[in-house]
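Descriptive structure summary
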Amino acid sequence: MLKRLKIGSWVAIAAIGAMLGGANKAAAVEIEYWQYFFEARVNAMEQLIEQFEEQNPDITVKMTHFPYADYRTKVAAAVPAGQGPDVVQLFYGWLNDYIDANLIQPLPTDVFPPEEIEAEFFPMVKAMRQDDAYYALPTAVRSLALFWNKRLFEEAGLDPNQPPRTLEELVDYAEKLTKRDGAGNLTQVGLTMGMTAQDHNWWREVLIRQFGGVPYSEDYTTVAYDDEAGLEALEFYTDLITEHGVSQIGFMDEPQAAFKASRAGMHIDGSFRIGALEETRGLEWGVGELPANAEGLRSNYASYWVNAIATKAEGEKYDAAVKFMEFITSPEAMQLWLEVVGELPARPEVGMTEANAGDPVYGPFIRALDYAHATVFANETDQRQEMINMIDRIVLEDMAPKESLEQAAAAEQAILDQYNK
Amino acid sequence: MNAALPALQMRSIRPGRIIAWTLLLMGGIAMVMPLAFMVSTSLKFPHEVYNLSLIPEEPTLENYTYVLEDGRFYKWFVNSLVIATIVTISNVFFDSLVGYTLCKYRFRGRYLIFIAILSTLMIPTEMLVIPWYIMSKNLGWLDSYWGIMFPGMMTAFGTFLMKQFFETVPDDFLDAARIDGLNEFQIWWSIAMPLVTPALSALAIFVFLGNWTAFIWPLIVTTNYDLYTLPVGLTTFSVEQQVEWELIMTGAALATIPTLLVFLFFQRFIIRGVVLAGLKG
Amino acid sequence: MAGWFQSLTIAQRRVVWAWGFLALPIIFYVGIRFYPTFEAFWLSFYDWNLLGERQWTGLSNYATLLQDPEFWKVFKNTFIYLIIGTPTSLVIAFVVAYYLDQVRFMHGFIRALYFLPFLTTAVAMAWVWRWFYQPVPIGVFNNALASFGLPQQPFLRSTTQALPAILAPAVWAGLGFQIIIFLAGLRAIPETYYEAARIDGVSRLTVLWEITLPLLKPTIVFLVVFSSIGFLRIFDQVFNMTTNDPGGPLNSTKPLVLLIYDTAFNSFDMGYATAQTVVLFTVLLIISVVQLYILRSR
């Protein structure tokens with residue numbers, strides 16, 4: 001009997017061994033995901049990966065992250081050497097660069113049909129479409145809003161809970177909030193300004209439209225602001241500095257520095273600024289939708305970081321990558337992202353819930369997503385540089401706005417042509 | 001202490017000397033003002049960072065505890081230390097060997113080799129980074145100490161510096177040693193090298209510093225956070241649209257300490273100067 | 001082998017020793033420096049953006065370069081950095097080293113003060129200097145000017161002042177390096193020369209001009225060539241002081257290396273970037289050879 005038991009147990013052990021061995025043989029596919037380091041995002045992504053791996057036991061996701069400042073350099077160096085991720089995060093404005101450099105491949109249209117995406121995501125995501133397929137999708141988006149310093153509002157005799165609602169009020173409030181010292185130097189600006197921050201987006205997608213024009217053609221291949229409307233929008237912007245004297249480029253080094261130091265009455269910035277402002281001691285701030293023009297027209301600029309599948313992913317890894325992409329762009333993932341990272345969801349079904357759209361801090365940003373545009377950049381850095389130069393020519397070299405506008409338009413058109421040839 | 005002008009040094013203190021000394025001191029203090037601000041910012045809370053006062057209203061060690069409690073900081077520190085030390089030793093050895101050879105031997109192709117080595121100074125490292133990366137990947141050097149170190153093991157800078165200083169070593173000494181029966185290596189090691197200790201000290205300081213602050217290459221060749229060198233690790237304190245300056249200043253302040261110690265250690269050798277050469281006459 | 005060595009003349013044996021010393025270093029330089037450099041140079045004849053195909057374009061990258069107004073502006077900037085930077089820093093460094101050499105009281109302390117800036121990280125210092133240049137009421141420099149009743153200066157916000165404003169921290173950071181090298185060079189001068197001068201009762205200025213400076217020549221040569229290369233290759237200060245508007249305002253501070261970096265890591269245009277590098281290399285080579293020729297020992 002002992003012998004039979006022994007044999008029995010050997011068989012059992014062998015059977016268990018075979019089962020375990022068999023399970024191991026269906027070896028886990030490992031895919032690599034790269035993103036830049038931002039604590040909240042890394043946390044959120046870790047949670048998402050955990051959930052994903054539970055639902056897909058045959059896939060493991062290895063996440064690697066880099067300091068933001070170095071992210072592009074790392075990707076640029078790794079990919080030609082055959083290294084790099086299977087799913088990669090990139091700023092939507094870099095899409096063209098990445099496609100040109102053959103770093104990413106289109107998302108399969110059976111899993112990600114373009115019509116479905118256009119129905120389910122906010123309109124600005126359209127920028128990720130090229131020809132008949134989408135190359136990347138966001139989990140979260142950001143938009144712009146007007147921040148203001150409540151204490152400084154009170155000091156200037158303004159209602160601390162009421163931001164300016166129109167452009168005219170914006171100028172008026174800014175004038176009241178500007179302070180100078182005895183020698184005429186600015187010690188407090190009414191509105192922070194500088195194309196190096198978010199102003200170039202404000203100007204392009206909001207101001208130009210509010211003055212009756214459009215920044216680019218529908219497909220973003222032709223510059224369209226070199227006209228009356230564009231000139232008016234430009235002069236509105238530069239007049240704030242040269243005529244109304246409510247601001248100065250480079251004041252306190254960076255616009256957000258001025259606002260954090262309570263030396264600025266108002267500040268236009270993206271939703272990513274919320275975390276930092278909440279941590280700034282002694283700063284009482286409010287946030288509201290960007291001012292409308294006299295006819296009540298509102299517009300906004302939305303930007304987002306997207307995830308895409310790298311060209312390196314093939315076969316099993318490709319399939320795993322597709323599943324992963326599906327997961328991280330699902331509504332549940334977006335809700336988690338909103339709660340953990342504080343970034344706005346890319347799907348209206350998640351964003352436009354009462355709770356989310358009515359939130360005092362996130363509400364203004366979310367409501368703006370409905371009418372926001374995302375500029376399809378050919379090269380975001382270079383195009384932004386043209387905006388910076390356009391203003392510098394006027395402010396530093398006394399050039400006439402019309403001439404500077406024409407130069408900027410020509411320069412930007414050259415950039416677009418180079419990429420769209 | 002250089003006895004450059006012994007006859008003109010009187011025991012009594014001349015007003016000219018006092019003025020010179022005072023100006024030098026004031027100049028020195030002006031030189032370190034930016035550093036004072038760096039330290040001062042590292043002691044501030046984030047909301048005070050932008051008022052750029054020298055003395056913080058609410059000084060805090062919070063930034064230091066934050067940075068030092070981050071276990072990775074120690075790893076980065078040690079990485080930088082080990083790498084900088086090894087590369088420095090390599091340079092002190094090889095650069096002086098090559099500099100000496102190019103200076104004290106006559107052979108065909110000598111000048112060409114010198115110019116060739118010098119020309120390597122003219123390529124910005126930024127352009128070599130990608131070929132190096134591909135090379136490292138093929139040879140399995142990624143994510144390793146060697147991978148970080150190999151491009152800097154010998155430098156044209158060091159070679160050039162040592163060559164210039166070996167020019168000041170009189171050939172007679174070397175010939176005398178040859179007559180005494182020493183071989184060429186011994187001559188270099190025991191006769192020539194001791195005569196250029198000020199230059200060697202300077203070389204050690206600069207190579208150490210250069211590798212301590214090296215950024216682009218260590219960034220590219222490592223993906224593993226544990227292997228980051230200090231400057232690369234410090235960039236984790238900057239995120240999109242937001243740079244945490246008080247933390248960067250803290251990291252920078254902490255990073256200055258070892259370099260300061262290295263400097264203080266080696267500068268004594270520069271003081272001692274070239275005594276023997278003068279005496280033997 | 002040993003027999004062959006014995007059969008050489010003494011002079012020939014020395015040459016063998018020399019090549020023996022140079023063997024490993026030559027392998028190193030060829031493998032680590034020259035081969036990648038040629039690879040990079042070869043790339044300048046192609047159109048390549050990292051992963052796509054490399055397309056042969058011959059000299060078209062260079063043709064584009066010569067017609068690019070931004071390139072010429074950058075070229076001019078780079079030379080301005082050199083022409084102002086090298087003499088200024090060398091003169092200041094020598095004056096400081098010369099007097100510091102004679103100081104006995106607190107010599108070590110003062111020397112450390114001058115060297116400290118060299119030990120700092122460029123990122124941190126760039127930020128501090130940016131704030132120094134701010135307008136009143138924050139900026140230290142403008143505050144000082146205001147207290148003397150002098151008008152405020154825009155510094156970094158001016159297309160004419162920005163370049164010198166960025167050069168200042170570059171010179172400031174490198175001063176310690178040059179002072180130490182000068183000190184080492186001064187210390188290397190044997191006392192016998194000065195003793196002879198003392199016996200002859202020569203004036204201090206003559207000693208400086210006839211003895212010190214000529215004997216310092218190898219040091220001076222080294223510093224001139226090395227500093228020139230350094231200023232022509234300036235990058236860290238510009239990059240860190242103009243992060244949001246690189247090389248600005250309006251390209252007034254952009255040096256060649258920043259242009260290369262931008263082309264390579266922003267536009268991913270490797271062929272064009274390497275063409276720019278070739279130009280930089282050629283300029284550096286010519287200037288160094290010219291300097292070495294002019295300053296060579298007679």
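That block above? That's the structure.
Structural notes, computed from the coordinates. Being a predicted model, the structure only gives us computed values, none of them experimental.

Definitions and limits used
- Residues numbered from 1 in each chain as written.
- Chains lettered and ligands numbered in written order.
- Predicted model: local features only at pLDDT ≥ 70, side-chain atom pairs only at ≥ 80, totals over all residues.
- Heavy atoms only, no water.
- Helix = DSSP H or I, 4+ residues; strand = E, 2+ residues; numbered from the N terminus.
- Rg over C-alpha atoms; globule rule 2.2 N^0.38 Å.
- Buried < 20%, exposed > 50% of the residue type's maximum accessible area, 1.4 Å probe, protein only.
- Contact = heavy atoms within 4.5 Å.
- Areas by Shrake-Rupley, 256 points an atom, 1.4 Å probe, with all protein chains shown as cover.
- Lys, Arg positive; Asp, Glu negative; His and termini not counted.
- Charge placed at Lys NZ, Arg CZ, Asp CG, Glu CD.
- Buried area = accessible area lost by both parts, 1.4 Å probe.
- Salt bridge = Lys/Arg side-chain N within 4 Å of Asp/Glu carboxyl O.
- Phe/Tyr/Trp six-rings, centres within 6.5 Å; stacked < 30°, edge-to-face > 60°.
- Lys NZ or Arg CZ within 6 Å of the ring centre and 35° of its normal.
- Polar contact = N/O pair within 3.5 Å; in protein donor to acceptor, adjacent residues only side chain to side chain.
- Nonpolar A, V, L, I, M, F, W, Y, C, P; charged D, E, K, R; others polar.
- Arc of directions from axis to C-beta.
- Pairing = 2+ DSSP bridges.
- 1 Å grid on protein atoms, 1.4 Å probe; cavity = no way out; pocket = protein on both sides within 12 Å on 5 of 7 lines; lining within 4 Å.
- Points joined across faces, edges and corners; volume = space filled by probe spheres on them.
- Core = buried A, V, L, I, M, F, W, Y, C linked by side-chain atoms within 4.5 Å.

So, on to the overall build of chain C. From N to C terminus, chain C includes 14 helices and 2 strands. Against the compact-globule benchmark of 19 Å for 298 residues, chain C has a radius of gyration of 24 Å, which places it well outside the compact range. The principal-axis extent of the C-alpha atoms belonging to chain C is close to 70 × 60 × 30 Å. Looking at chain C as a whole, 55% of its 298 residues qualify as buried. If you take every contact in chain C between residues at least 6 apart in sequence, the share linking residues at least 24 apart comes to 65%. Accessible surface computed for chain C: about 12,700 Å², of which carbon and sulfur atoms make up 69%. Each charge sign in chain C was given a centre, from 18 positive and 14 negative side chains, and these centres are 10 Å apart.

Right, let's get into unusual backbone geometry. If you check the backbone angles, aspartate 143 of chain B has positive phi at about 50° while not being a glycine. Secondary-structure assignment places aspartate 143 of chain B in the loop between helix H5 (125–139) and helix H6 (145–149). In the Ramachandran plot, leucine 250 of chain C falls in the positive-phi region, its phi being about 55° despite a non-glycine side chain. When you line up the elements, leucine 250 of chain C lands in the loop between helix H12 (236–241) and helix H13 (256–265).

Moving on: the interface of chain C and chain B. Contact residues are listed per partner, giving 97 residues for chain C and 96 residues for chain B. Taken together, both faces of the contact between chain C and chain B bury some 9,200 Å²; the carbon and sulfur share is 79%. Across the chain C-chain B interface, the total number found is 1 salt bridge. Salt-bridge contacts for glutamate 184 of chain B lead to arginine 14 of chain C; the nearest nitrogen and oxygen are separated by 3.9 Å. In terms of residues, the side of chain C that touches chain B owes the most to one element, helix H2 (residues 10–43) of chain C, which gives 21 residues.

Under the defined criterion, the tally for this structure stands at 88 aromatic pairs over all chains. For the pair tryptophan 34 of chain A and phenylalanine 66 of chain A, a centre-to-centre distance of 4.7 Å together with 75° between the ring planes defines the contact as edge-to-face. Of this pair, tryptophan 34 of chain A sits in strand E1 (residues 29–36) while phenylalanine 66 of chain A is found in strand E2 (residues 59–66), placing the two residues 32 residues apart along the sequence. By relative accessible area, tryptophan 34 of chain A is classed as buried at 2%. What makes phenylalanine 66 of chain A buried here is its relative accessible area of 0%. Their ring planes at 70° and their centres at 5.4 Å tell us that phenylalanine 41 of chain C and phenylalanine 281 of chain C sit as a pair that is edge-to-face. Here phenylalanine 281 of chain C lies in helix H14 (residues 270–294) and phenylalanine 41 of chain C lies in helix H2, a separation of 240 residues in the sequence. The two residues phenylalanine 41 of chain C and phenylalanine 281 of chain C agree in class, both being buried. By way of ring pairs, the aromatic residues Trp34, Tyr36, Phe66, Tyr71, Phe91, Tyr92, Trp94, Tyr98, Tyr304, Trp305 and Phe377 of chain A are connected into one cluster. The positively charged end of arginine 41 of chain A is found above the aromatic ring belonging to phenylalanine 38 of chain A, 5.7 Å away from the centroid. In this arrangement the basic side chain of lysine 163 of chain B is found over the ring face of phenylalanine 114 of chain B, its NZ or CZ atom lying 4.6 Å from the centre.

With 27 residues of chain C in contact, the opposing surface of chain A contributes 37 residues. Summed over both sides, the interface of chain C with chain A buries roughly 2,700 Å², with 52% coming from carbon and sulfur. For the interface between chain C and chain A, the tally reads 2 salt bridges. Residue aspartate 253 of chain A pairs with arginine 130 of chain C through a salt bridge whose shortest N-O separation is 2.9 Å. One can count 9 residue pairs in polar contact (both at pLDDT 80 or more) joining chain C with chain A. Among the elements of the structure, helix H6 (122–132) and H13 of chain C are those that each provide at least two residues to the side of chain C that touches chain A. Along the lines of polarity and charge, the residues of the side of chain C that touches chain A split into 15 nonpolar, 8 polar and 4 charged.

What follows covers the pattern of salt bridges. Throughout the structure, instances matching the rule amount to 24 salt bridges over all chains. Ionic pairing is found between lysine 179 of chain A and glutamate 155 of chain A, a salt bridge with its closest N-O pair at 3.0 Å. Placement of lysine 179 of chain A in strand E8 (residues 179–180) and of glutamate 155 of chain A in helix H6 (residues 150–155) is noted, with a sequence separation of 24 residues between them. Lysine 179 of chain A sits in the partly exposed class, given a relative accessible area of 38%. When the shortest N-O distance is used, the salt bridge between glutamate 184 of chain B and arginine 178 of chain B registers 2.9 Å.

Here we come to helix H7 (residues 167–177) of chain A. Where H7 of chain A is concerned, the buried positions are Leu167, Leu170, Val171, Tyr173, Ala174 and Leu177 of chain A. With its buried residues spanning 165° around the axis, H7 of chain A presents them on a single face.

A word on the pairing of strand E3 (residues 87–91) of chain A. Residue and element names in this part refer to chain A. A large share of E3 lies buried, amounting to 5 of its 5 residues. Here E3 shows no split at all, with Val87, Gln89 and Phe91 on one side and Val88 and Leu90 on the other all buried. By the bridge criterion, 2 bridges tie E1 to E3 in an arrangement that is parallel. Its bridge partner lying in E3, tyrosine 33 is registered against valine 87. Alignment of E3 against strand E12 (residues 300–310), held across 5 bridges, turns out to be antiparallel. Note on E12: the bridge partner recorded for valine 87 is isoleucine 309.

Another aspect to go through is empty space enclosed by the protein. In this approach, a probe sized like a water molecule rolls over the atoms, and the result shows the empty space that is left. All names here are of chain A. Scanning all chains against the criterion turns up 7 cavities of 30 Å³ or more. Together, Tyr33, Arg41, Met45, Gln89, Thr139, Ala140, Trp305, Val306, Asn307, Trp337 and Glu343 line the largest cavity. Sorting the residues of the lining of the largest cavity by element identifies helix H2 (39–55), strand E7 (136–149) and E12 as the ones contributing at least two each. Here the lining of the largest cavity takes 3 residues from E12, the largest share from any one element. Looking at the lining of the largest cavity residue by residue, the class counts come to 6 nonpolar, 3 polar and 2 charged.

Looking now at the side chain of threonine 238 of chain A. Tracing the backbone through its elements, the reader meets threonine 238 of chain A in helix H9 (residues 228–242). Leaving out residues up to four positions away in the same chain, threonine 238 of chain A has contacts with Glu243, Ile391 and Ile394 of chain A.

All names here are of chain B. Assignment of secondary structure puts asparagine 91 in helix H3 (residues 71–104). With relative accessibility at 0%, the residue asparagine 91 sits in the buried group. At 2.9 Å, the side chain of asparagine 91 and the backbone oxygen of glycine 152 are in polar contact. Side-chain polar atoms of asparagine 91 contact the backbone oxygen of methionine 153, separated by 3.3 Å. Leave out the neighbours within four places in its chain, and asparagine 91 touches Ser96, Gly152, Met153, Met154, Thr155, Leu203 and Val207.

Let's shift gears to the environment of phenylalanine 272 of chain A. Along the chain, the position of phenylalanine 272 of chain A falls in the loop between strand E10 (264–270) and helix H11 (274–279). Separated by 120 residues in sequence, phenylalanine 272 of chain A and aspartate 392 of chain A place their C-alpha atoms 27 Å apart.

With that settled, the discussion passes to the nonpolar core. Core analysis: the biggest nonpolar cluster contains 332 residues, and Trp202 and Trp203 of chain A have the highest contact counts within it. No other element matches the 17 residues that helix H8 (residues 162–187) of chain C contributes to this core. In this structure, tryptophan 203 of chain A is in contact with Met195, Ile208, Tyr225, Gly230, Ala233, Leu234, Tyr237, Met387, Met390 and Leu405 of chain A, ignoring residues within four places of it in sequence.

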